[in-house]
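# Inside the fold
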Amino acid sequence: MISNIGAIQTRATARSFRDRKSSTVQRPATGFPCLDRLKLRRPDAKVIINVGGRRFVTWKNTLKRFPQTLLGSEELAARFYDQDKKEYFIDRDPHLFRYILNYYRCGKLHRSFEDCNASFEEELLFYGIMPQEVHDCCFDDDNENNSADDNKSSASGPTCDKKEHVRTRGWIGRARNWTWVLLEGEAESGFRAFFGMLIIYIIGLFIILSIFTTIYETVPCESVEKVCDERVRILDLLDVICVGVFTVEFGLRVMVCPNILQFSKNAMNIIDFLSILPFYLTILLQSVVGSNLEAFVVLRVLRIFRVFKLTRHSKRLQRFGAAMASCVGDLASLMFVLVIAIVVFSSIIYFIERKAVEGKFTSIPDSMWYTIVTMITLG
């Protein structure tokens with residue numbers, strides 16, 4: 001009896017020693033940083049999310065990493081919590097939800113090239129995630145020509161809801177829907193797709209022609225007066241034709257768009273309006289105050305805004321603009337470092353060279369010009 005008790009105590013002591021040893025031994029890293037962070041995190045309540053009949057299990061703290069999104073906010077429990085099954089039910093695509101949940105786990109949004117761009121962006125907007133969060137390695141540059149139904153990126157911003165066009169009844173509504181899809185180049189196949197792309201290319205040619213006339217009219221004319229006047233007349237005629245085409249396009253887009261408020265907030269539509277505004281302001285001011293007005297020069301310079309119209313139907317330019325917008329903080333830091341270097345080196349140049357070269361560096365601001373040119377050209 002005594003020997004049995006001693007054996008039990010010995011086994012209990014050995015078991016407690018193994019538990020203490022296993023708790024003190026550090027496990028090697030798995031090689032996946034996001035998984036390592038999840039293992040080091042203190043466990044909390046588990047969350048079961050049923051997406052389209054497929055259950056996903058994660059931690060509540062994982063979802064709280066992004067409280068501005070749907071899964072990280074209180075709206076998730078208010079709208080989608082099932083009291084009977086003690087889970088959240090969301091009637092969305094479970095295949096695309098894998099990438100959404102991985103974004104909460106690792107902080108990087110990845111996607112598959114095999115998925116539809118429009119469907120993936122719709123899922124992102126539903127969950128409150130901006131499309132700009134997609135990691136650089138997952139930009140679908142190679143397959144963008146194969147995505148005929150790919151909607152415009154976030155650089156274009158929201159314009160009008162296509163579903164709102166579909167719900168419009170009557171022949172007027174169908175005509176507006178037909179015209180809108182035609183101007184946007186969103187037709188998938190058939191004659192309308194071909195005609196839509198033809199309109200886009202024609203508008204692009206007129207944009208290039210308008211930019212050419214704006215640049216070429218500044219070239220001095222060295223011929224006789226009659227030839228110079230004829231050149232001015234031809235350039236003015238080309239400008240009138242281009243503005244007429246842009247006005248017709250912009251007017252049609254305003255008439256067929258059902259939500260004028262969203263249309264007016266779109267950055268690309270504002271650029272379209274600014275590209276034709278100088279022409280009509282010039283005509284108005286000439287009729288009121290005559291032709292001798294310095295403001296005409298400024299108005300003619302504003303026509304250069306037409307170059308931004310090229311970004312409406314170019315996805316690469318839109319992504320470039322989105323990348324620049326996402327790097328504003330980094331660019332500001334770079335400019336701050338550049339300003340510090342300019343101040344330091346211009347001060348050094350001034351105090352060293354102010355007596356060596358008479359009249360060359362009269363002040364620190366005067367030395368800044370030499371510093372800026374040297375740093376920008378030579379690095």
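Refer to the structure above for everything that follows.
So, here is what we can say about the structure in this document. (Residues numbered from 1 in each chain as written. Predicted model: local features only at pLDDT ≥ 70, side-chain atom pairs only at ≥ 80, totals over all residues. Heavy atoms only, no water.)

### Here's the deal with helix H10 (residues 225–256)
Between its terminal C-alpha atoms H10 stretches 47 Å, which fits the 46 Å expected from 32 residues at 1.5 Å a residue. Along H10, the positions that sit buried rather than exposed are Cys228, Arg231, Leu235, Asp239, Cys242, Val243, Phe246, Glu249, Phe250, Arg253 and Val256. (Helix = DSSP H or I, 4+ residues; strand = E, 2+ residues; numbered from the N terminus. Expected span 1.5 Å × (residues − 1). Buried < 20%, exposed > 50% of the residue type's maximum accessible area, 1.4 Å probe, protein only.)

### Some words on the packing of aromatic side chains
Inspection of every chain in the model, using the stated rule, returns 14 aromatic pairs. An angle of 85 degrees between the planes, with centres 5.1 Å apart, marks the rings of phenylalanine 126 and tyrosine 127 as edge-to-face. Since its relative accessible area comes to 25%, phenylalanine 126 is described here as partly exposed. With 6.0 Å between their ring centres and 50 degrees between their planes, phenylalanine 250 and phenylalanine 263 make a pair best called tilted. On the criterion of sequence distance, the pair formed by phenylalanine 250 in helix H10 and phenylalanine 263 in helix H11 (residues 260–265) is long-range, its members being 13 residues apart. Each member of the aromatic cluster is reached from another via a ring pair, and the members are Phe56, Phe80, Phe97, Phe126 and Tyr127. Over the ring of phenylalanine 126 we find arginine 92; its NZ or CZ atom is 4.2 Å from the centre of that ring. (Phe/Tyr/Trp six-rings, centres within 6.5 Å; stacked < 30°, edge-to-face > 60°. Lys NZ or Arg CZ within 6 Å of the ring centre and 35° of its normal.)

### Concerning the pattern of salt bridges
Evaluation of the coordinates by the stated rule reveals 5 salt bridges. Between arginine 55 and glutamate 87 there is a salt bridge, and its shortest N-O distance comes to 2.8 Å. Here arginine 55, found in strand S2 (residues 54–59), pairs with glutamate 87, found in strand S4 (residues 87–90); they are 32 residues apart in sequence, far enough to count as distant. Arginine 55 sits in the partly exposed class, given a relative accessible area of 48%. Classification of glutamate 87 by relative accessible area gives buried; the value is 3%. Here glutamate 123 ties to arginine 92 by a salt bridge, and the two come within 3.1 Å at their closest N and O atoms. Taken together, the positions of glutamate 123 in helix H6 (residues 117–126) and arginine 92 in the loop between S4 and helix H5 (94–106) put the pair 31 residues apart, joining distant regions of the chain. Relative accessible area serves as the criterion here: at 25%, arginine 92 is assigned to the partly exposed category. (Salt bridge = Lys/Arg side-chain N within 4 Å of Asp/Glu carboxyl O.)

### Comments concerning the state of the cysteines
Per the counting criterion, the structure on display carries 1 disulfide. Two residues share a disulfide in this structure: cysteine 221 and cysteine 228, whose sulfurs sit 2.0 Å from each other. For the disulfide bridge between cysteine 221 and cysteine 228, the dihedral angle about the S-S bond is near -90 degrees, and by the sign convention the bridge is left-handed. Residue cysteine 228 is classed as buried on the basis of its relative accessible area of 14%. (Disulfide = S-S within 2.5 Å.)

### Considering the pairing of S2
Pairing of strand S1 (residues 46–51) with S2, which is carried by 6 bridges, proceeds in the antiparallel orientation. Bridge pairing in S2 places lysine 46 opposite tryptophan 59. In sequence, S1 turns back onto S2 through a hairpin of 2 residues, with glycine 52 there showing a positive phi of about 60 degrees. (Pairing = 2+ DSSP bridges.)

### Considering unusual backbone geometry
Phi at lysine 86 takes a positive value of approximately 55 degrees, unusual for a residue other than glycine. With respect to the helices, strands and loops of the structure, lysine 86 is situated in the loop between strand S3 (81–82) and S4. Here lysine 86 falls in the exposed class, since its relative accessible area comes to 53%.

### Some points on the packing of helix H9 (residues 190–216) against H10
At their nearest, the axes of H9 and H10 sit 9 Å apart, and the two run at 145 degrees to each other. Regarding H9 and H10, the two cross each other, and that crossing is left-handed. In this structure, H9 contributes Ile203, Phe206, Ile207, Leu209, Ser210, Thr213 and Tyr216 to the contact, and H10 contributes Arg231, Leu235, Leu238, Asp239, Ile241, Cys242, Val245, Phe246 and Glu249. (Axes fitted to C-alpha atoms, helices over the stretch in contact; angles between N-to-C directions. Left-handed = near helix turned anticlockwise from the far one by under 90°. Contact = heavy atoms within 4.5 Å.)

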